[in-house]
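# Structural description and commentary
Next come the chains, spelled out residue by residue.
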Amino acid sequence: MISAIHQKDAYKIGHIRQYPEGTTEIYSNLTARSGIHSNIPNTKGVYFVGLQYFIIDFLINEFNRTFFIQNKDDVVLRYKRRVSKILDYDVDISHIELLHDLQYLPVEIKALPEGSFVPYGVPMLTIKNTKPEFYWLTNMLESVISSELWQPITTATTYMAYKKLFTEYAARTGSPKEFIPFQGHDFSYRGMPGRHAAAISGFSVLACGGMGTDCVPAIDIAEIYYDANCDTDFIACSVNATEHSVMCAGGENSEIETFKRLLEDIYPKGVLSIVSDSWDFFKVVTEYLPELHNIITLRDGKLVIRPDSGDPVNIICGDPSATKGTAEYKGLIELLWEIFGGTINEKGFFVLRDKIGAIYGDSITYQRAEKILLRLEDKNFASCNIVLGIGSYTFQYVTRDTHGMAIKSTNAVINGKNIPIYKNPKTDNGIKKSAKGFLMVSHQNGEYTLNDNVTSKQEKHGCLNTVFLNGALIKKQTLKDIRKLTDLN
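The rules behind each value
Residues numbered from 1 in each chain as written. Predicted model: local features only at pLDDT ≥ 70, side-chain atom pairs only at ≥ 80, totals over all residues. Heavy atoms only, no water. Helix = DSSP H or I, 4+ residues; strand = E, 2+ residues; numbered from the N terminus. Buried < 20%, exposed > 50% of the residue type's maximum accessible area, 1.4 Å probe, protein only. Contact = heavy atoms within 4.5 Å. 1 Å grid on protein atoms, 1.4 Å probe; cavity = no way out; pocket = protein on both sides within 12 Å on 5 of 7 lines; lining within 4 Å. Points joined across faces, edges and corners; volume = space filled by probe spheres on them. Nonpolar A, V, L, I, M, F, W, Y, C, P; charged D, E, K, R; others polar. Patch = residues over 30% accessible without salt bridge, like charges linked within 9 Å, V, L, I, M, F, W, Y side chains within 5 Å. Areas by Shrake-Rupley, 256 points an atom, 1.4 Å probe, with all protein chains shown as cover. Salt bridge = Lys/Arg side-chain N within 4 Å of Asp/Glu carboxyl O. Lys, Arg positive; Asp, Glu negative; His and termini not counted. Charge placed at Lys NZ, Arg CZ, Asp CG, Glu CD. Axes fitted to C-alpha atoms, helices over the stretch in contact; angles between N-to-C directions. Parallel < 35°, antiparallel > 145°, perpendicular 65-115°, else oblique. Left-handed = near helix turned anticlockwise from the far one by under 90°. Disulfide = S-S within 2.5 Å. Pairing = 2+ DSSP bridges.

What the chain contains, in helices and strands, is 20 helices and 19 strands. Seen along its three principal axes, the alpha-carbon backbone of the chain occupies a region of about 80 × 50 × 45 Å. The buried share among the 489 residues of the chain stands at 52%. Counting contacts in the chain only where the partners sit at least 6 residues apart, residues at least 24 apart contribute 76% of the total.

With that settled, consider the layout of surface pockets. Approximately 1,100 Å³ is the volume found for the largest pocket. Lining the largest pocket are 45 residues, with His 185, Phe 187, Ser 273, Ile 359 and Val 387 positioned closest to its centre. The set of elements that each furnish at least two residues to the lining of the largest pocket consists of β7 (240-241), β8 (269-275), β9 (300-306), β11 (350-352), β12 (356-360), β13 (387-390) and α18 (392-395). In terms of residue count, β12 provides more of the lining of the largest pocket than any other element does, 4 residues in total. Classifying every residue of the lining of the largest pocket gives 20 nonpolar, 15 polar and 10 charged. Empty space within the second largest pocket amounts to approximately 690 Å³. Looking at the lining of the second largest pocket, the elements with two or more residues in it are α2 (51-68), α6 (142-173), α8 (195-207) and α9 (216-226). The class makeup of the residues in the lining of the second largest pocket is 13 nonpolar, 8 polar and 7 charged.

So, on to a negative patch on the surface. A grouping of Glu 252, Asp 280, Glu 287 and Glu 328 is seen on the molecular surface, where their side chains present a negatively charged patch. Tracing the chain through its elements places Glu 287 in helix α12 (residues 281-291).

The subject of this paragraph is the pattern of salt bridges. All told, the structure shown has 13 salt bridges when counted by the stated rule. For Glu 142, the salt bridge is made with Lys 12, and the minimal N-O distance between the two is 2.4 Å. Within this pair, whereas Glu 142 is found in helix α6, its partner Lys 12 is found in the segment before α1 (15-18), the two being separated by 130 residues in sequence. With respect to burial, Glu 142 and Lys 12 carry one shared label: buried. The partner of Asp 101 in a salt bridge is Lys 72, with the nearest N and O atoms 2.8 Å apart. Taken together, the residues span a long stretch of sequence, with Asp 101 in helix α4 (residues 94-102) and Lys 72 in helix α3 (residues 72-87) at a distance of 29 residues. Classification of Asp 101 by relative accessible area gives partly exposed; the value is 47%. Through salt bridges with shared partners, one network takes in Glu 168, Arg 172 and Glu 377.

Pairs of packed helices are described in terms of their axes, by the angle between the two and the distance that separates them. Where helix α11 (residues 255-266) contacts α12, the axes come no closer than 11 Å and their chain directions differ by 45°. By the angle between their axes, α11 is oblique relative to α12. When you trace α11 past α12, the crossing you get is right-handed. Contacts from Glu 255, Ile 256, Phe 259 and Lys 260 in α11 reach Val 284, Tyr 288 and Glu 291 in α12. When the residues that make up the contact of α11 with α12 are grouped by side-chain class, the tally is 4 nonpolar, no polar and 3 charged.

Another aspect to go through is the environment of Met 140. Within the secondary structure, Met 140 is located in helix α5 (residues 137-140). Residue Met 140 is classed as buried on the basis of its relative accessible area of 3%. With 63 residues separating them along the chain, Met 140 and Phe 203 place their C-alpha atoms 27 Å apart. Dropping the residues within four chain positions of it, Met 140 is found in contact with Ile 5, Lys 8 and Lys 12.

With that settled, the discussion passes to the packing of α3 against α4. One can describe the packing of α3 onto α4 by two numbers: an axis separation of 10 Å at closest approach and a directional angle of 150°. Between α3 and α4, the crossing angle belongs to the class labelled roughly antiparallel. By crossing handedness, the relation of α3 to α4 is classed as right-handed. Residue-level inspection shows Lys 72, Val 75, Val 76 and Tyr 79 of α3 in contact with α4, the latter providing Ile 96, Glu 97, His 100 and Asp 101. Split by residue class, the contact of α3 with α4 holds 4 nonpolar, 1 polar and 3 charged.

Okay, empty space enclosed by the protein next. One pass over the full model with this rule turns up 2 cavities of 30 Å³ or more. The calculated volume of the largest cavity comes to roughly 120 Å³. In this structure, the largest cavity is lined by 14 residues; those nearest its centre are Leu 112, Glu 114, Val 467, Lys 475 and Gln 477. Take the lining of the largest cavity: its biggest share by element is 3 residues, from α2. Here the lining of the largest cavity is composed, by residue class, of 8 nonpolar, 3 polar and 3 charged. Roughly 60 Å³ of internal volume is contained in the second largest cavity. As for the second largest cavity, its lining consists of Lys 8, Lys 12, Ile 13, His 15, Ile 16, Tyr 79, His 95, Ile 96, Trp 136 and Met 140.

This part takes up the state of the cysteines. Applying the stated criterion across every chain yields a total of 0 disulfides. In this model Cys 237 remains outside any disulfide bridge; the closest cysteine sulfur is found in Cys 230, 12 Å from its own.

This part takes up the environment of Ile 221. Along the polypeptide, Ile 221 turns up in helix α9. It is 6.6 Å that separates the C-alpha atoms of Ile 221 and Phe 203, two residues lying 18 residues apart in sequence. In contact with Ile 221, other than residues within four places in its own chain, are Tyr 53, Ala 199, Ile 200, Phe 203 and Tyr 226.

On to the pairing of strand β3 (residues 107-111), then. The element β3 is extensively covered by neighbouring structure, given that 5 of its 5 residues are classed as buried. Alternating positions in β3 separate into two faces, Val 107, Ile 109 and Ala 111 on one and Glu 108 and Lys 110 on the other, with burial throughout. Bridge analysis of β3 against strand β5 (residues 123-129) gives 5 bridges, and the strand direction is antiparallel. Residue pairing across strands places Lys 110 opposite Thr 126, the latter belonging to β5.

Distances and angles like these do not, on their own, reveal function.
Following this line, the structure appears as structure tokens:
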């Protein structure tokens, strides 16, 4: 069991001795500094998600379980052994003993509401110690706060870009708004760096209004940490679906029989997604589906065809470089229209009949998603004809620097005097310049703005509200609260 007190960078260990004598308070903030490395276009800020989970799971539960309720001698000696060995000298751990005696974390975190859109350069949260002897604790927590929060914030920001894209094309092609929460299905679990990352990233999609997911523990986070209840609330859903092992188990020659067995015997009703490119995708579409036409259209449910390889844009929309009139030239959606037909909506766009659909979940990026929707629009197909599986290629092809996420100190109290502190490296292009002094975030003209170097009295006002104080969660949000803030309507 790794103790919560070990969760930090090694260089933090000696900082207690490095601050000036008389230091009694360190005040820091978490800010997304820049979108220069953003994975999505035209970003002007980030969506703030994940703090409440971190507070309950780590600052309260993990600190209690692995540090405060542990035998003092055992836990501090284990810490002393670890840090003394890594630094190769006998480290004084009396401050860790004092923290164990206190039995709670003496810090205050003030934050904007989760679900808020926060422009670059505006802090999402501030943190400071509440007892003078624990001034070292504020920035000791930097490592774990950063590592736990940058990912859900980045995932939320990424998903919101998709959501805006889906919303735009729904309006352009007459697709129902009700379809949008299900159009970007979270397929990312297996590609995330561990189960905790998968769960909190998956929750970020749900927090931003996504309702299609295959990440089961994301729903657990919604229920355990954000007061959702799947018995009374609609949190998210998935569908019965195959994988290649299922489709290949009977051999290539029995593939159509596998389709029949799944449609008629195993799932005679409901939505069923079948991966269809284990061998010859266009053979499945042009030969098997016409043969299964009556079974599919008379069945009490919907069959969703899932290609899983090739260029997603060309597979779905057709390859303009292929021979004209071929299946490859037409693409999946046009082929399904030819086989099953559908309706024409009020804006004059084709919508496949409700017995058949399509999903593509391999290597989807924002740019590919945009191309797919544009190409479908050009072919007069509504955007609701396709669901896109958003996977780890999208949600994990990012870093802390994608949005320049950083925790920096801006004020210290030394010998009873407030000392505004900041950094402004001459060798930098300006992105790393930090705010200064106490911070107050205001909400003006529908947008958060930062006022820095304010007085301690002014700092107590504004939009940053206390959410964690001295070991306790002070202000709680629900999944519904966050979804309201991320609603685009």
